[in-house]
Amino acid sequence: MPTQLTLLAVTKAYRGRPVLDGVTCSFPVNERTGIVGENGSGKTTLLRLLAGRERPDQGEVIVRADGGVGHFAQDGRLDPRLTVRQVIDRALHELRSIEERMRRLETAMADGDESVLAEYGDLLTVFELRGGYEADARVERALHGLGLGGLDRDRAVGGLSGGERARLRLAAVLAAGPEALLLDEPTNHLDDDALTWLEEHLRARRGTTVVVAHDRVFLERVVTGLVEVDADRRNVAWYGNGYAGYLAEKAAARRRREQEHDRWREEVARLREAAATTARRVAPARERKDGDKMAYDRAGGRVQRAVASRVRNVEERLRRLLADPVPPPPEPLRFTPSLRAERSEGVVLDAADVRVDGRLGPTSLTLKAGGRLLISGPNGAGKSTLLRVLAGDLAADGGRVTRRGRVGHLPQDPVFPEPGEPLLHAFARGRPGPPADHVDLLLSLGLFGRDLLTVPVGRLSAGQRQRLALARLVVEPADVLLLDEPTNHLSPALVEELEAALDAYPGALVVVSHDRLLRRRWRGDHRHLSAPGAAARRDGP
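So, here's what we can say about the structure.

Conventions adopted
Residues numbered from 1 in each chain as written. Predicted model: local features only at pLDDT ≥ 70, side-chain atom pairs only at ≥ 80, totals over all residues. Heavy atoms only, no water. Core = buried A, V, L, I, M, F, W, Y, C linked by side-chain atoms within 4.5 Å. Buried < 20%, exposed > 50% of the residue type's maximum accessible area, 1.4 Å probe, protein only. Contact = heavy atoms within 4.5 Å. Phe/Tyr/Trp six-rings, centres within 6.5 Å; stacked < 30°, edge-to-face > 60°. Helix = DSSP H or I, 4+ residues; strand = E, 2+ residues; numbered from the N terminus. Pairing = 2+ DSSP bridges. Axes fitted to C-alpha atoms, helices over the stretch in contact; angles between N-to-C directions.

## A word on the nonpolar core
Thinking step 1. Counting residues in hydrophobic clusters, the biggest one holds 51 residues, and the most contacted among them are Leu 146, Leu 168, Leu 170, Leu 174, Leu 183, Leu 198 and Leu 202.
Thinking step 2. With sequence-adjacent residues up to four places away left out, Leu 170 is seen in contact with Phe 72, Leu 146, Leu 183, Pro 186, Leu 190 and Leu 198.
Thinking step 3. Grouped together as the second largest cluster of nonpolar side chains are 40 residues, Leu 481, Leu 502, Leu 509 and Trp 522 included.

## Focus on the packing of aromatic side chains
Thinking step 1. For the structure on display, the rule yields four aromatic pairs.
Thinking step 2. For the pair Tyr 239 and Tyr 246, a centre-to-centre distance of 5.1 Å together with 90 degrees between the ring planes defines the contact as edge-to-face.
Thinking step 3. On the accessibility criterion, Tyr 239 (11% relative accessible area) is buried.
Thinking step 4. An aromatic cluster is built from Tyr 239, Tyr 243 and Tyr 246, whose rings are joined through pairwise contacts.

## Regarding the pairing of strand E10 (residues 347-356)
Both faces of the sheet carry side chains from a regular strand, because those side chains alternate between them.
Thinking step 1. For E10, a buried count of seven out of ten residues is recorded, marking the element as mostly surrounded by other parts of the structure.
Thinking step 2. Both E10 and strand E11 (residues 360-368) contribute to a ladder of six bridges, which runs antiparallel. Note that in E11 the partner of Val 347 across the bridge is Lys 368.
Thinking step 3. In this structure, the hairpin formed by E10 and E11 is closed by a connection of three residues, where Gly 358 is found at a positive phi of approximately 80 degrees.
Thinking step 4. By the bridge criterion, five bridges tie E10 to strand E13 (residues 398-403) in an arrangement that is antiparallel. Bridge pairing in E13 places Ala 352 opposite Arg 400.

## Observations regarding the environment of Leu 470
Thinking step 1. Topologically, Leu 470 is positioned in helix H15 (residues 462-474).
Thinking step 2. Separated by 220 residues in sequence, Leu 470 and Lys 250 have C-alpha atoms that sit 21 Å apart.
Thinking step 3. Setting aside anything within four residues of it in sequence, one finds Leu 470 in contact with Leu 333, Phe 335, Leu 410, Leu 490 and Leu 498.

## Remarks on the side chain of Thr 6
Thinking step 1. Mapping Thr 6 onto the fold places it in strand E1 (residues 4-14).
Thinking step 2. Ignoring any residue separated from it by four or fewer positions in sequence, one finds Thr 6 in contact with Cys 25, Ser 26, Leu 50, Glu 60, Val 61 and Ile 62.

## What about the sheet that holds E10?
Thinking step 1. The strand order across the open sheet built from three strands is E11-E10-E13, with neighbouring strands paired in antiparallel fashion. Taken across any chain shown, the strands that pair with only one partner, and hence form the sheet edges, are E11 and E13. Sheet twist, expressed as the average angle between the axes of neighbouring strands with direction ignored, equals 10 degrees.

Here is the structure:
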């Protein structure tokens, strides 16, 4: 029976919050499908439904894979009492059970028992389909490729770091060689070498792969198609031809919306012109030749009635068009520079030996108008702390910060103080006038539809909260932007739009990011922060 991974009219909610609503989709056999979307949109839920870890509230999930299903969960756990060897043995338990049964059947066949031939044939098919003969070699390749080649097999899992445990879980799933492989953010905790190995492994493996990923470089190199989960509409859309095809289709959809809006505008203009001129064009103006005024008036009345009918028809068609307008696509995302930012010169941000005890070692930096600075470093190096100090949101324990002009700050995890506050009110907070005055501005950004304006902030997903913080930031003029992991939680298409907006922004910019594609495209200086107690170093442009 061929592999099948299908959702039919699936609906799923958590604590009254809908995540998926009537979703129907199938994942192509022997292809590598990426699942993308902002955080909280339902990507992990989709994968857990396919893995059988969740059941739909409504609808049906069909999973058929004779060669087994392997699932790498982003939040998976290992028993800390197990050894590395035991984790691997458990991952290969099913394969080894099949092999053991095959050996027994081979013995029976050697003794002349032909009744087991059919069972042996079925087991052999599954064993070969799952690469059973290469299982031990696959274990070694996976451990080595993921940076665990030197790991003591008798070491307890509890003694491993969090990253090592995640990589061990991933190695175990890959080593099992399932026909259908379901991976949830497998690129987390991997360095560049391990990422390259994983990408090559997935491209070369047989079978069907479905992977939730936010890493755009990974998506470029691995997937053959994408499913995007829409957090606002709670449904999915399919895009072929890999990541490039996804971006191309997004651009084509925008062009189609522009064309539809242009056609609507042209038709409205044509009907308005027709309504205004029809009577003038058709009204009787002929000379009365026979002196029969009554006949002339009767003819004129018929013409006027015909004209009035035509005008009413045109006006009705115009009314229907205006009642159901075709909106233009939103303008591309743009950050708002202050007048000073567009013509400023000299230093706009200067930090001298700023430190926060236990969180940020003494750090100095100088940023000129229009300057670009990318900050990297390991977790705990103080990257977010530095941005908060530069923004004035956190007092330093030493050093000084000098700012010229207005500073805009996007924190890594935006916090909104009133969880019951509607989205529109949260956007308008601190801005002049009542919230209703800001509806058009918020909708013009294209980050939210009208139906979400009344949703309480506390019910928004992580991606929706990030979009809300971004919306507040882009409408406020700034001389300096401080962005902490700005691509987190967002869909790849919006990340691409965000990068374009940053490229066009004329003010000064400081970005903290682990995004491989953003860093690869970066044009500007790069500062690497070390752990507290070590000095920061400049890596150059």
